[in-house]
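What follows is each chain in one-letter form.
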Amino acid sequence: MWALCIWASLFLISITHWVYRWRNPKCRGNLPPGSMGLPLLGETLQFFRPNTSSDIPSFIKERTKKYGPVFKTSLVGRPVIVSTEPELSYFVFQQEGRCFQSWYPETFTEIFGRQNVGSLHGFMYKYLKNMVLTLFGHEGLKKMLPEIEQIACRKLDLWSSQDSAELKDETASMIFDLTAKKLISHDPGNSSENLRENFVAFIKGLISFPFDIPGTAYHKCLKGRERAMRMLKNMLQERRGNPRKNPSDFFDYVIEELQKEGTILTEEIALDLMFVLLFASFETTSLALTLSIKFLTDYPSVLKRLTEEHEAILREREDPDSELTWKEYRSMTYTFQFINETARLANIVPAIFRKALRDIQFKGKDTQFLGAGQ
């Protein structure tokens, strides 16, 4: 009986000590204020709570109000320091590769792939970035402008003849089909599988609690990725077996890189990159476009200034029905300001994660793990 009491007491003391250490992590400096939440679970559930507006997520807003612009927490089993302070966030990005490097929770790499561009560093990251710029850089966008205008005009004509249109879904479909065509020459009308539907399943579970159990949103998210990756891999292998004489899309460029002697590009990295590019075009741009229409409805003065800028461009044309030129596009000063502000407010990413490579002192607070907020 006494032995049982002793063991129970030791167990209780051990648990109490473990919980205390969890809530008060070791640090050679002074950590900022905040709460580590429940053991193991941390504050993950609060972090994944849906944000129903374009405002700062309630998770960030509530803790900033309580603890200040820099606070500690725990997400998906990891201790994290969150910064909403511009000076600290600027410092983190300035020290990229020296004091900090890109880092994401294990659940993120499961979703986007272990070789995704966001998890790579140094030379490999720059190499992939340059690859992407061959398609979406200055010259690439210049070539795409007429096609983008034609597709947008066709869609606007179609929507105008309908009683109503679900703007977010319609713009997502339009942008995804255009990007998939440019990346992999994908034609949804001639495919036995719907690539976009797999991305829909993926996105619905993207910001969800990471329980990989059948029926959960996270499980559906992983399955959507699995099906989409299988389709991309089959397409790549088919194209590698039957290369085209005249390269015309991003897959052609990837195949050329894979065939070079001593290349650092692998098929796994190429497929993860393709997946991230399709995801980015599918969700982020459609969300920004949808919110831009809402903002223009909410702020008539902004709509008036945009209208005046575009009408001025039309008055300068010899033929009002001619296509948009690159010079006209570059002259849209106020339009670019509106787009940049909309993109800032329409950011779907709740946080950008960085990992400290060494102990960092910032205003007397020691930063060992850091996630830079919006």
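See the structure above.
Quick caveat, the model's predicted, so the values are computed rather than measured.

So, how was this worked out
Residues numbered from 1 in each chain as written. Predicted model: local features only at pLDDT ≥ 70, side-chain atom pairs only at ≥ 80, totals over all residues. Heavy atoms only, no water. Helix = DSSP H or I, 4+ residues; strand = E, 2+ residues; numbered from the N terminus. Buried < 20%, exposed > 50% of the residue type's maximum accessible area, 1.4 Å probe, protein only. Contact = heavy atoms within 4.5 Å. Areas by Shrake-Rupley, 256 points an atom, 1.4 Å probe, with all protein chains shown as cover. Expected span 1.5 Å × (residues − 1). Axes fitted to C-alpha atoms, helices over the stretch in contact; angles between N-to-C directions. Parallel < 35°, antiparallel > 145°, perpendicular 65-115°, else oblique. Nonpolar A, V, L, I, M, F, W, Y, C, P; charged D, E, K, R; others polar.

## Considerations on the overall build of the protein
Argument step 1. Scanning the protein from terminus to terminus reveals 15 helices and five strands.
Argument step 2. Burial analysis of the protein (374 residues in total) assigns 40% to the buried set.
Argument step 3. Contacts in the protein between residues at least 24 apart in sequence constitute 65% of all its contacts with a sequence separation of at least 6.
Argument step 4. Total accessible area on the protein stands at roughly 22200 Å², and carbon and sulfur atoms take up 57% of it.

## Things to note about helix α8 (residues 167-184)
Argument step 1. In this model, α8 (18 residues) spans 25 Å end to end at C-alpha, consistent with the 26 Å of a helix rising 1.5 Å per residue.
Argument step 2. Within the span of α8, buried status applies to T171, A172, S173, M174, I175, F176, L178, T179, A180, L183 and I184.

## Observations regarding the environment of E226
Argument step 1. Considering the arrangement of structural elements, one finds E226 in helix α10 (residues 217-241).
Argument step 2. Judged by relative accessible area, E226 falls into the partly exposed class, the value being 42%.
Argument step 3. Spatially, the C-alpha atoms of E226 and N198 are 8.6 Å apart, while their sequence positions differ by 28 residues.

## As for the packing of helix α12 (residues 267-298) against helix α13 (residues 300-316)
Argument step 1. One can describe the packing of α12 onto α13 by two numbers: an axis separation of 5 Å at closest approach and a directional angle of 105°. Viewed along their axes, α12 and α13 adopt a mutual orientation that is roughly perpendicular. Here L296, T297 and D298 of α12 lie close against α13, whose contacting residues are P300, V302, L303 and L306.
Argument step 2. A breakdown of the residues in the contact of α12 with α13 according to their chemical character gives five nonpolar, one polar and one charged.

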